[in-house]
Amino acid sequence: MYSRKSIALLALYILLSISLTSCKSPEKIQPQGVQTEFPSGWNNVAVGGGGYVTGLYLHPQVPNLGYIRTDMGGFYRWDPTDTRWIPLTDRFTRSESDYYGGEALALDPSNPDIVYIAAGKYLWAEPGTIFKSSDRGQTWVQSDLRLPMGGNEELRGAGNRLVVSPHDSNFLLFGSRQNGLWRSIDAGMTWNPVPGFPTPSDSKIGILAIAFDPNDASQIYASVYGDRLYQSTDGGTTWNPLPHSPSHAFKLAVASDSTLYVTHAQGVSKYLQESWQDITPPKNPFLRLIRRETPPFNGLSIHPQNPQELIVSHSETTRTQLYHSRDGGLTWTEKKSQINNTVPWWPDDYFSNHLSALEFDPIVPGRVWFSDWYGVWKTDNFNENRPVWTNYTQGHEQVVTFDLISPPTGALLLSAVADVEGFYHSRLNQIPPQRFGSDRGSFQETYSLDYAAQSPEYLVRVGGDRWNSRYGGATSADGGLTWQRFPQFPEEMMPMRVAMSATNPQQFVVTLSGTQGIQTQDNGRSWQAVQGLPDSIKGPWKWSQPLAADSVNGNGFYYYQNGTVYDSQDGGLSFAVTNRNLPKSDWHFLKTMPGVEGEVWVSLNEEGLYRSPDGGQSFSKVAGVELAYLFAFGKAAPGQEVPALYLYGKVVNQPESIFWSPDLGETWIDIGDSEIPIGNQPNVMEASKQQFGLVFVGTNGRGIYYRAIGNE
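Residues numbered from 1 in each chain as written. Predicted model: local features only at pLDDT ≥ 70, side-chain atom pairs only at ≥ 80, totals over all residues. Heavy atoms only, no water.

For the protein, the Sequence similarities (unreviewed entry) comment in UniProt is given as "Belongs to the glycosyl hydrolase 74 family." (UniProt positions renumbered as here; feature names shortened; annotations may be inferred.)

This is the structure we're talking about:
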């Protein structure tokens, strides 16, 4: 007899086998030779997607004019010539970092040059706003609207909050999460609340979707999540509840015959002539064995030339099912798929994972697009039995960085990132062939990396899976090409930072979220509690780096917290206070200078940059540095002996930017770019120990940037 669980697993295997095939077999690809030539200016390190694309928008008049919004990586426009995504919001500065959250986007169907974005990451952060562009996103003009927005909040992959009337380009509506319905009658420049519209019952989601009837300018629909749909029959002046409408609607669309289609938590419905009809696709019989309830429906698109043809998809599930109807939802075909995966490190289960937007191409017959948790997919043969889907990720760089290292040998860069673990980068302009854990197990993410300064082929990383509280780490003896998991690690303890002895790769210190740190002397086979340190910061969404190993002395380790520096001279087993005189700063980075014993530097944001030549016993402030947000040491300039010093911050008589210094802060040279200020919450800085002038900045949602001033 088979158990119920065995039957469910067998059903899942059969389902995935018949619904999804891959066009190529996965291969383990070895990294190519290290890159030595670099483009000018600031560029993205190629990773390949990796972040949630929450919306997809195609202009109805112009072929291949498409846009995407992301939860925390800004907005992009499709470039069909180079088959890449062009970032449109990289001009936002660090003080404007919340504008990288994509709450909504709207196209003017009558003017292909005009596009609007509603930008704001979090409800608790600075208020969001709406921007207008008259040149397809090259430049933006800010409106007068200031409201809490949540591009990275709940149900960010559903709805359509910002809409331009197809009858009047000057008339726009915006549904907010907490502040009701807003309208503009001057093409998005000024906004006013719509009086009398009901207050949303769910203050985190609010008004989730709006749709205009393409045949009747007076008829508009809006969904209030957790309540119902509302209808206006006078062009948006007054609104009334729509009887028997779904209470948790995700997307709305009105066909060319004025039929309203709705995807919602209970299924799919349509509304015509004051009557509702349930048109939910029948549940796959295999899914009945593994799911008691049908997941919500979200994705929705109506064919622009045929009001009876539509496609829908599930929401918030790791394997989204697509359904196609040619008769207005009376009958459905579940679409099977083939994958043409262009990103070597993407596993097949990234395909349609938490699908957000699903769109018929308005110009090209048979072409359909969709966006999901990791990127954008397109097929040109949707009407075939098994359409082939190809992912397009070039230009869409959205990973969140936790840490970066650049050893003096091996890879140019190794990255520790959220959700997709981390990468070995030998060529910055090419997508890595694999993730860290491809060889022996993997983590959801990597929180910290380090290498033995005197034996840089030995590396250590710590990370884990937040979803199941499974944490640990791994070591590498070949510069990060392959990794071996720690034999032991404390259960359900989240590691935060790791520092490896300069001379003994088997010895390293790990700080733990909210508690005391631990130390190992045998490559993670056994662990001892660290003595003398305060409890660490709580993770994982903290970016400060308080821990570092001395670059020469294998027994030396240093730690900063609340204005106090701690020192260990026994390999990290015990620490003692060595200095209490530094300013306090929640945002701080402690680093040791390469090749110099006891040389400790600490950046303290608005409190400046400090250096110590004697292991932290005494510190002096670097003159002229008014803001030390991030800093890094890199290979010395030709003819120089001291490392190049890089700073993301502000120096006297100059605006905030990115600088390098050939003489440890005596003089500074601006290497920033006002067009690309790297403003999306930059959280880590590193510089190459192999190539002079090669510097990296990691962000909280726009990937990793680099510039090679030595090659310019």
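That covers the picture; the talk isn't over yet.
*Asks:* Before we move on, could you go through the overall build of the protein and cite the residues and values that matter?
*Replies:* Counting secondary structure elements, the protein contains two helices and 57 strands. The C-alpha atoms of the protein give 27 Å as radius of gyration, which agrees with the globular expectation for 712 residues (27 Å, within 12%). If one aligns the C-alpha atoms of the protein with their principal axes, the spans along those axes are about 80 × 70 × 45 Å. Here the protein holds 712 residues, and the buried ones make up 61% of them. In the protein, 53% of the contacts between residues at least 6 apart in sequence involve partners at least 24 apart. Counting only carbon and sulfur atoms, one obtains 47% of the accessible surface of the protein, whose full area is about 26700 Å². Seen as two clouds, the 53 positive and the 71 negative side-chain charges of the protein have centres 6 Å apart. (Helix = DSSP H or I, 4+ residues; strand = E, 2+ residues; numbered from the N terminus. Rg over C-alpha atoms; globule rule 2.2 N^0.38 Å. Buried < 20%, exposed > 50% of the residue type's maximum accessible area, 1.4 Å probe, protein only. Contact = heavy atoms within 4.5 Å. Areas by Shrake-Rupley, 256 points an atom, 1.4 Å probe, with all protein chains shown as cover. Lys, Arg positive; Asp, Glu negative; His and termini not counted. Charge placed at Lys NZ, Arg CZ, Asp CG, Glu CD.)

*Asks:* If you had to explain the side chain of Ser 325 to someone new, which residues and values would you point to?
*Replies:* Summarising the element assignment, Ser 325 is placed in strand E25 (residues 322–325). On the accessibility criterion, Ser 325 (0% relative accessible area) is buried. Engagement of the side chain of Ser 325 in a polar contact is seen with the side chain of Asp 327, the distance being 2.9 Å. Within the local environment of Ser 325, its side chain forms a polar contact with the backbone nitrogen of Gly 329, the two atoms lying 2.8 Å apart. The contacts of Ser 325, once residues within four sequence positions are left out, are Gln 308, Glu 309, Leu 310, Leu 330, Thr 331 and Trp 332. (Polar contact = N/O pair within 3.5 Å; in protein donor to acceptor, adjacent residues only side chain to side chain.)

*Asks:* Requested: an account of unusual backbone geometry, with residues and values cited.
*Replies:* Residue Pro 540 is bonded to the preceding Gly 539 through a cis peptide linkage, with omega at 5°. Take Pro 540: it is sitting in the loop between strand E42 (528–529) and strand E43 (547–549). Its identity as a non-glycine residue notwithstanding, Glu 492 has a phi of 55°, on the positive side. Along the chain, Glu 492 falls in the loop between strand E38 (484–485) and strand E39 (495–500). We note that Ile 678 has phi near 55°; this positive angle belongs to a residue other than glycine. As for its position among the elements, Ile 678 is in the loop between strand E54 (669–670) and strand E55 (684–687).

*Asks:* So what about the sheet that holds strand E18 (residues 240–241)? Which residues, and what values?
*Replies:* The sheet built from four strands is open, its strands ordered E15-E16-E17-E18 with antiparallel pairing. On the outer flanks of this sheet lie strand E15 (207–212) and E18, each paired with one strand and no other. Direction of pairing for strand E16 (residues 220–224) relative to strand E17 (residues 228–232): antiparallel, over a ladder of five bridges. Looking across to E17, one finds that Ser 223 is bridged to Leu 229. (Pairing = 2+ DSSP bridges.)

*Asks:* For the pattern of salt bridges, give the residues involved together with the corresponding values.
*Replies:* Applying the stated rule across the entire model yields 20 salt bridges. Its salt-bridge partner being Arg 91, residue Glu 675 comes within 2.8 Å of it at the nearest N-O pair. You can see Glu 675 sitting in the loop between E54 and E55 and its partner Arg 91 sitting in the loop between strand E6 (84–87) and strand E7 (102–107), a full 584 residues away along the chain. On the basis of relative accessible area, Arg 91 is assigned to the partly exposed category, the value being 43%. Its salt-bridge partner being Glu 309, residue Arg 326 comes within 3.7 Å of it at the nearest N-O pair. Residue Arg 326 is located in the loop between E25 and strand E26 (333–335), and its partner Glu 309 is located in the loop between strand E23 (297–302) and strand E24 (310–314); the two are separated by 17 residues in the primary sequence. According to the relative accessible area criterion, Arg 326 is exposed, its value standing at 51%. Accessibility expressed as a relative area gives 6% for Glu 309, which makes it buried. Counted as one network, the salt bridges with shared partners bring together Glu 103, Arg 161 and Arg 177. (Salt bridge = Lys/Arg side-chain N within 4 Å of Asp/Glu carboxyl O.)

*Asks:* Break down the packing of aromatic side chains for me, with residues and values.
*Replies:* Using the criterion set out here, one finds 49 aromatic pairs in the structure. On the numbers, 5.1 Å between centres and 45° between planes, the contact of Phe 92 with Phe 131 is tilted. Separated by 39 residues along the polypeptide, Phe 92 in the loop between E6 and E7 and Phe 131 in strand E9 (residues 129–133) bring together distant segments of the chain. Residue Phe 92 shares its accessibility class with Phe 131, and that shared class is buried. Taken together, a centroid distance of 5.4 Å and an interplanar angle of 70° make the contact between Trp 587 and Phe 589 edge-to-face. Judged by its relative accessible area of 2%, Phe 589 falls in the buried class. Residue placement shows Lys 378 over the ring face of Trp 369; its charged tip is 5.7 Å from the ring centre. It is Arg 461 that lies over the ring of Trp 483; its NZ or CZ is 4.7 Å from the centre. (Phe/Tyr/Trp six-rings, centres within 6.5 Å; stacked < 30°, edge-to-face > 60°. Lys NZ or Arg CZ within 6 Å of the ring centre and 35° of its normal.)

*Asks:* Explain the environment of Tyr 705 to me, and be specific about the residues and the numbers.
*Replies:* Within the fold, Tyr 705 resides in strand E57 (residues 704–708). The spacing of Tyr 705 and Asn 43 is 662 residues in sequence and 5.4 Å in space, taken between C-alpha atoms. Every residue in contact with Tyr 705, bar those within four places of it in the chain, is listed here: Trp 42, Asn 43, Asn 44, Asp 90, Ile 676, Ile 678, Val 695, Phe 696, Val 697 and Thr 699. Within the structure, Tyr 705 has its side chain in polar contact with the side chain of Arg 702 (distance 3.1 Å).

*Asks:* If you had to explain the nonpolar core to someone new, which residues and values would you point to?
*Replies:* Within the largest apolar cluster, 69 residues are counted, with the highest numbers of intra-cluster contacts made by Leu 414, Val 510, Trp 601, Tyr 646 and Met 685. Membership of the second largest hydrophobic core comes to 22 residues, among which are Ile 339, Trp 345, Phe 360 and Trp 377. (Core = buried A, V, L, I, M, F, W, Y, C linked by side-chain atoms within 4.5 Å.)

*Asks:* Tell me about the environment of Arg 386, residues and numbers included.
*Replies:* Looking at where Arg 386 falls in the secondary structure, it is placed in the loop between strand E30 (376–379) and strand E31 (388–391). Using a relative accessible area of 31% as the deciding quantity, one classes Arg 386 as partly exposed. Spatially, the C-alpha atoms of Arg 386 and Gln 338 are 6.1 Å apart, while their sequence positions differ by 48 residues.

*Asks:* How would you summarise the sheet that holds strand E53 (residues 657–661) if you had to cite specific residues and measurements?
*Replies:* The strand order E51-E52-E53-E54 describes an open sheet built from four strands, whose pairing is antiparallel. Each of the sheet's edge strands pairs with one partner strand only, and the pair in question is strand E51 (625–634) and E54. Relative to strand E52 (residues 644–651), E51 runs antiparallel, the two being bridged by eight bridges. Bridging across to E52, Phe 631 finds its partner in Leu 647.

*Asks:* Can you lay out the pairing of strand E29 (residues 368–371) for me, pointing to particular residues and giving the numbers?
*Replies:* Residue alternation in E29 divides its side chains into two sets, Val 368 and Phe 370 and Trp 369 and Ser 371, and both sets are buried. Bridging between E29 and E30 involves four bridges; their strand directions are antiparallel. Paired with Val 368 across the two strands is Thr 379, which belongs to E30. The loop that links E29 with its antiparallel partner E30 comprises four residues.

*Asks:* So what's going on with the side chain of Thr 393? Which residues, and what values?
*Replies:* Along the chain, Thr 393 turns up in the loop between E31 and strand E32 (401–405). The residues touching Thr 393, leaving out its near neighbours within four places in the chain, are Gly 48, Gly 49, Trp 85, Val 343, Trp 346 and Ile 431.

*Asks:* Got a sec to walk through the pairing of strand E45 (residues 564–568)? Specific residues and values, please.
*Replies:* In terms of residue burial, E45 counts as a mostly covered element, since five of its five residues are buried. Judged from the five bridges that link them, strand E44 (residues 557–561) and E45 form a sheet pairing that is antiparallel. Residue Gln 561 lies in a different strand from E45, and its bridge partner there is Thr 564. Where E44 folds back onto E45 in an antiparallel hairpin, the turn is made up of two residues, including Asn 562, whose phi is positive at roughly 50°. Bridge count for E45 against strand E46 (residues 576–579) is three bridges, and the pairing is antiparallel. Bridge pairing links Val 565 to Asn 579 in E46.

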